[in-house]
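Results of the structural survey
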Amino acid sequence: MIDPNRFLSDLHKLRSFGASGVGKGVVRPAYSEPDLAARDWLASQMAEAGLTPRWDAMGNLFGLAEGPSLLLGSHSDSQPTGGWLDGALGVVAALEVARAARESGGPAISVVSFQDEEGRFGVTTGSAVWSGGVSLMDADQLRDHDGVSLAEARSLLGDRVGASVDAAQFTGFIELHIEQGPTLDTSGEQIGVVTDIVGIRDQVITLSGQQNHAGTTPMALRRDAFQGLSAFNARLNDRLRNVVTPQSVWTIGHVSISPNASSIVPGQVRFSMQWRDGDAARLGRMQAVIDAVLEEVATEMGLDVEKGQMLGLEPVAMDADLRARLEAGAEAVSPNKWRKMPSGALHDATNVARLLPVAMLFVPSINGVSHAFEEDTHEDDLVAGLQVLAHAAGVFAQ
Ligand code: GLV
Ligand code: MN
Ligand code: MN
């Protein structure tokens, strides 16, 4: 039988790996010491539950049931400063449903914690490689913001790595996740059944000008890379207005200025440019605007532009049958307190959809906050999510 207390206790145990000491936040980026320690603990829990733990070359950790099974899970790595539930909820709920299924002679359920969903190296890297969206050889070339390559990070897995995991043994994939936005919290509803997941584009851009003395270089003669980024950002917000909807989003989230000193005109700025939308064509139109504004600013300010590899995922729709099972579960567990909704966050489910029917459900995020230490969800909502997941998997609660 599903045991909400065991589930909540496991969730708090997982939080202890990389606990930030600020609220319930965690610092558990992919391949960090706490990430690997958390995965080792998860592997031991999978084994105790009667599943066979298997690590693939990326460090995706599977807990395999025998024979054909439904795959449940999410990811257990975090953002550089992240919340305790993003990914962790789906993994621990999967473990509880699989364990309860085995105890009660229920259906075969396998569990997964994908690696680097949070994109230290790319975008949902572990599931992208597992699903064949990116080859391991190409992924190995990706570097994090400190210049560490994925190949170097993967070597920390050591002898944990086993054979690759064949997706043919799975009948489908369901991912429980926190919403990470304000919709359910605002409406007072308990469950969101996901209709589709937005697409994303992500690129590192470098603007180069001339490093120079901040006291002697006249303003008119400067080729200041930061002024370039600043003008680009301001113009972009204005110019994108012609092509976006209120659901379109764009973010410059990582910036590194060189040499980053008070008395030096910055010679170079390197920044991440990310944008998301539910419509693939609009993603393309946004890209055209980004490229045009970049070109315009660079020409005006005498800067060189270098664009890194374009990473991305297309928007995907959820599988109708699995979705119907979640909707039935939501109506049983939280009657009239659930809705259908799109996902503005990216998820491993997007990649898994290349291989299997997939579906997702959300529980509310308090104040809509995520990717932050303050991220949290009321316990009764966490348990409701667990129960809907169990219902959809054919494992019934007490
Ligand atoms: C995943 O964490 C995302 O950035 O949406
Ligand atoms: Mn996540
Ligand atoms: Mn996340």
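Here the structure is shown first, and the text comes after it.
My aim in this report is to walk through the structure given alongside it, one point at a time. Per chain, the residues get numbers from 1 upward, laid out in the order the sequence is written. Written order decides the labels, with chains lettered from A and ligands numbered from 1. Side-chain atom pairs in this predicted model are given and counted only at pLDDT of 80 or more, local residue features only at pLDDT of at least 70, and totals for whole chains, interfaces and linings cover all residues. For side-chain calculations, the full set of non-hydrogen atoms in the structure is used, while hydrogens and water are omitted.

1. Observations regarding helix 9 (residues 280-301)
Side chains that are three or four residues apart share a direction in an α-helix, a result of its 3.6 residues per turn. Secondary structure counts use DSSP, requiring at least four H or I residues in a row for a helix and at least two E residues in a row for a strand, with both numbered from the N terminus. The span one expects for a helix is its residue count, reduced by one, times 1.5 Å. Relative to the 32 Å expected for 22 residues at 1.5 Å per residue, helix 9 spans 32 Å between its end C-alpha atoms, a close match to the ideal helical length. Think of it in three bands: residues with accessible area under 20% of the maximum for their type are buried, residues over 50% are exposed, and the middle band is partly exposed, with areas taken using a 1.4 Å probe on protein chains only. All of the buried residues in helix 9 are Arg-282, Leu-283, Met-286, Val-289, Ile-290, Val-293, Leu-294, Val-297 and Ala-298. Each buried residue of helix 9 lies within a common arc of 160° when the element is viewed along its axis, so the set occupies one face. Away from the buried face of helix 9 by more than 90 degrees, exposed residues Glu-295 and Thr-299 are located. Structurally, helix 9 contributes buried residues whose contacts are with strand 7 (199-208), helix 8 (225-239), strand 9 (249-251), strand 12 (268-277) and strand 13 (304-307). The backbone nitrogen of Ala-281 lies 2.9 Å from a side-chain oxygen of the residue at the head of helix 9, namely Asp-279. Looking one or two places after helix 9, you find Gly-302, whose phi comes out positive at around 65°. Arc, as used here, means the arc of the directions from the helix axis to the C-beta atoms. By definition, residues are in contact when any of their heavy atoms lie within 4.5 Å. As used in this structure description, the phrase polar contact means that two N or O atoms lie within 3.5 Å; if the pair is within protein, one of them must be able to donate a hydrogen and the other to accept it, and residues adjacent in sequence are counted only when both atoms belong to side chains.

2. Quick look at the site of ligand 1
Proximity is defined per residue: any heavy atom of the residue falling within 4 Å of a molecule or strand makes that residue near it. Around ligand 1, the neighbouring residues are Glu-117, Glu-118, Arg-276, Ala-345, Leu-346 and His-371. With respect to ligand 1, the side chain of Arg-276 contributes an N or O atom lying 2.7 Å from an oxygen atom. Within the backbone of Leu-346, an N or O atom sits 2.7 Å from an oxygen atom of ligand 1. Computed with a 1.4 Å probe, the accessible areas rest on the Shrake-Rupley method; for each residue, only the protein chains presented here act as cover. The fraction of the free accessible surface of ligand 1 (190 Å²) that becomes covered by protein chains is 90%. Asp, Glu, Lys and Arg are counted as charged, while Ala, Val, Leu, Ile, Met, Phe, Trp, Tyr, Cys and Pro are counted as nonpolar; the rest, among them Gly, fall into the polar class. Residue composition of the shell around ligand 1, by class: two nonpolar, one polar and three charged.

3. Quick word on the coordination of the manganese ion (ligand 3)
Nitrogen, oxygen and sulfur within 2.8 Å of a metal are treated as its donors, or within 3.2 Å for sodium, potassium and calcium (Na, K, Ca); water is not counted, so a site can appear incomplete. Protein ligation of the manganese ion (ligand 3) involves Asp-86 (OD), Glu-118 (OE), Glu-118 (OE) and His-371 (NE2), the donor distances falling in the range 2.1 to 2.3 Å. All donors of the manganese ion (ligand 3) come from a single chain, and their spacing in sequence reads D-x31-E-x252-H. Here the manganese ion (ligand 3) and the manganese ion (ligand 2) are spaced 3.5 Å apart, and both take Asp-86 as a donor. Taken together, the positions of Asp-86 in the loop between strand 3 (69-75) and helix 3 (88-103) and Glu-118 in the loop between strand 4 (109-114) and helix 4 (125-130) put the pair 32 residues apart, joining distant regions of the chain.

Shape descriptors only; they carry no functional weight alone.
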